[in-house]
Amino acid sequence: MPARAVMDTGAAIVTAALLASIGWIFGQRQNRKLTRFEHTFQVLNSYRHDESHWAALAQVIVLAKNENIPKPEESGRQADIEALRKLLIHYEFIAVGIFSGGLDEGLIRECDRSNIVNVHKCSRDFIAELRTTRGRNTIYRNLQDIAERWEAGSPGYFERVIEFILMRPYRRQREGLMNSPA
């Protein structure tokens, strides 16, 4: 009978350690999720009242509707180029935050999906030419990846499992970025 009591005590210790570890992991995941939400709200709020951001967006919308997006080095179009670059840099920053796990994809997607996807769509030629002239195929790559991800719809089961574990979007590495459409 004493041997049985030792086994029960050992099993209780192992079970308690396992449950404590699971609780710790769950607590850490929740803490990380809440911190990411807070950071995302701060980023979204940071440009909510930024008139220069909204002016640049309005300017690019007019350019896109008129199919008049400038080329990266087009002379006489500095204001248009700067407005487009402001948005591209801003949304690239947000896309990097999403892919690194620092920003919550769901919140950003809910608030800014159409702006990000549409700015990417209208600036594909601008980005492609910029990549070619500078010889760097990774310019605005994160923006491109997040816009394409959101246009493609929901990821498959395997990707969702990986994303659940990583707590951030899963991004496959692509070969030959220079040859891929901007």
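Located above this text is the structure these notes cover.
Residues numbered from 1 in each chain as written. Predicted model: local features only at pLDDT ≥ 70, side-chain atom pairs only at ≥ 80, totals over all residues. Heavy atoms only, no water.

## Section: the packing of aromatic side chains
Next, step 1: According to the stated counting rule, one finds 1 aromatic pair in the structure shown.
Next, step 2: Relative to Trp54, the ring of Tyr47 has its centre 6.1 Å away and its plane inclined at 40°; by these criteria the two rings are tilted.
Next, step 3: You can call Trp54 partly exposed: its relative accessible area is 35%.
Next, step 4: One Lys or Arg, Arg29, reaches over the ring of Phe164 and ends 4.4 Å from the middle of that ring. (Phe/Tyr/Trp six-rings, centres within 6.5 Å; stacked < 30°, edge-to-face > 60°. Buried < 20%, exposed > 50% of the residue type's maximum accessible area, 1.4 Å probe, protein only. Lys NZ or Arg CZ within 6 Å of the ring centre and 35° of its normal.)

## What to know about helix H2 (residues 51-65)
Next, step 1: A rise of 1.5 Å per residue sets the reference length of H2, with its 15 residues, at 21 Å; its end C-alpha atoms lie 21 Å apart and thus fit the reference within 8%.
Next, step 2: Taken together, the buried positions of H2 are His53, Ala56, Leu57, Val60 and Leu63. Each buried residue of H2 sits inside an arc of 125° when the element is viewed along its axis, so together they form one side. H2 presents Glu51 and Lys65 as exposed residues on the side facing more than 90 degrees away from its buried surface.
Next, step 3: Contacts made by the buried residues of H2 are with helix H3 (78-100) and helix H4 (105-122).
Next, step 4: After H2 finishes, the residue Glu67 shows a positive phi value of roughly 50°. (Helix = DSSP H or I, 4+ residues; strand = E, 2+ residues; numbered from the N terminus. Expected span 1.5 Å × (residues − 1). Arc of directions from axis to C-beta. Contact = heavy atoms within 4.5 Å.)

## A closer look at the pattern of salt bridges
Next, step 1: Going through the model one piece at a time under the given rule, you end up with 10 salt bridges.
Next, step 2: Of the charged contacts in the structure, one is a salt bridge between Asp104 and Arg36, with a shortest N-O distance of 3.7 Å. Of this pair, Asp104 sits in the loop between H3 and H4 while Arg36 sits in helix H1 (residues 2-46), and the two are 68 residues apart along the sequence. Like Asp104, the residue Arg36 is buried in the burial classification.
Next, step 3: Here Glu82 makes a salt bridge to Arg85, at a shortest N to O gap of 3.5 Å. You can see Glu82 and its partner Arg85 sitting in helix H3, 3 residues apart, about one turn around the helix.
Next, step 4: Shared partners join several salt bridges into a network, and the residues in it are Glu74, Arg77 and Asp80. (Salt bridge = Lys/Arg side-chain N within 4 Å of Asp/Glu carboxyl O.)

## Description of the nonpolar core
Next, step 1: One finds Leu88, Ile94 and Ile116 to be the most contacted residues of the largest nonpolar core, which totals 30 residues.
Next, step 2: Mapped onto this core, the elements with two or more residues apiece are H1, H2, H3, H4, helix H5 (124-134) and helix H6 (141-152).
Next, step 3: Not counting chain neighbours up to four residues away, the residues in contact with Ile116 comprise Tyr91, Ile94, Ile108, Leu143, Ile146, Ala147 and Trp150. (Core = buried A, V, L, I, M, F, W, Y, C linked by side-chain atoms within 4.5 Å.)

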